[in-house]
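Report on the structure
So the chains spell out like this:
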Amino acid sequence: MIDGKVCGVLNNTSSQTCFICKTTISHLNDIETLINMEVDPESLSYGFSILHAHIRFMELVLHISYRLVLEENATWRSVLSVISYDQHHAEREQNKPSSCSLRDELGILVDIVLQGAGNTNDGNTARKFFKNFKIVSNLTGFDEDLLQRFHVILVVISSGYKINTEEFQNYCEDTAKMYVTLYNFYYMPPSVHVILLHGWKIMDRLILPIGYFSEEALENERDAQNRIAFCQFLLNEIYADPGFMDRILWTDESTYVRKGMFNQHNEHQWAHENPHVAREGL
């Protein structure tokens, strides 16, 4: 599976445009029109990143929660009372009390900047975030039923089981309509749109359940069977076609900046023998 940035480059689209249907972000809430829109079948072959899906769905919930109006009797009143760092800092952070509350209730940090390495929003954080959707709903004010639907969708695409794409399509389209009904003021991100409206089409083109292509396997301790099955799949393909691996585009993320710290965590050199590679700093 290829992440959204790479798909955008390959399809000559921006990060604010769906690389499958070429719809810009300002029109992604027009669900009824988009459901029946024709797409380029070739663009479906790029798939979507399951790891990034968890993170993008979580960030969508967080960004909407920051914009929700605090009502007089809102449950956020209790959230404001458990802020564990400087109150003036919280005010400067533009009403982001949910970050501290999630830390207190679930032991996770969200939307915290890490110098030179992005932020604390990762796959493990997102999985715990949605697993405890009832607590998250109480803390953020985000609709609990919609949160649960997001959780179900993410669990399904990560499961490794064969998915009934017709049922998945109906469930995702109903979820998209529910989202627009509740939060039409916030445009649906392209990465979320791809899964809700095009996910079933992508799954129909895969020879294995989409869960087998997940980057989450690298972060999940209970993935032994998935790894074995994927390795067996690769061995079978290589046996049938020795050039199979040469046609795979492998992508990782590394962040480089002209000043300050940079992230080289995902920078790897692959070789049968030690290449003794040296990397020069910027």
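Heads up: these notes are all about the structure in this document. Bear in mind that the values here come from a model prediction, so they are computed numbers and not experimental data.

1. Here's the deal with the pattern of salt bridges
When their charged atoms lie close together, side chains carrying opposite charge are able to pair. Summed over all chains, the structure comprises three salt bridges. Here D241 ties to R247 by a salt bridge, and the two come within 2.6 Å at their closest N and O atoms. Residue classification places D241 among the partly exposed positions, given a relative accessible area of 26%. On the basis of relative accessible area, R247 is assigned to the exposed category, the value being 58%.

2. Comments concerning the environment of L206
Inspection of the secondary structure puts L206 in the loop between α11 (190-204) and α12 (224-240). In sequence terms L206 and S45 are 161 residues apart; their C-alpha atoms lie 8.2 Å from each other.

3. What about the packing of aromatic side chains?
The geometry of an aromatic ring pair is captured by two quantities: the separation of the ring centres and the angle between the planes. Under the criterion given, the structure shown has eight aromatic pairs. Ring plane angle 75° and centroid distance 4.9 Å describe the contact between F57 and F150, whose orientation is recorded as edge-to-face. Placement of F57 in helix α3 (residues 50-67) and of F150 in helix α9 (residues 144-158) is noted, with a sequence separation of 93 residues between them. Taking the relative accessible area as the measure of exposure, F150 reaches 0% and is therefore buried. When the centroid spacing of 5.2 Å and the interplanar angle of 80° are considered together, the rings of F129 and F130 count as edge-to-face. F130 sits in the buried class, given a relative accessible area of 2%.

Parameters and conventions
- Residues numbered from 1 in each chain as written.
- Predicted model: local features only at pLDDT ≥ 70, side-chain atom pairs only at ≥ 80, totals over all residues.
- Heavy atoms only, no water.
- Salt bridge = Lys/Arg side-chain N within 4 Å of Asp/Glu carboxyl O.
- Buried < 20%, exposed > 50% of the residue type's maximum accessible area, 1.4 Å probe, protein only.
- Helix = DSSP H or I, 4+ residues; strand = E, 2+ residues; numbered from the N terminus.
- Phe/Tyr/Trp six-rings, centres within 6.5 Å; stacked < 30°, edge-to-face > 60°.

None of the figures reported here should be taken as evidence of function without further support.
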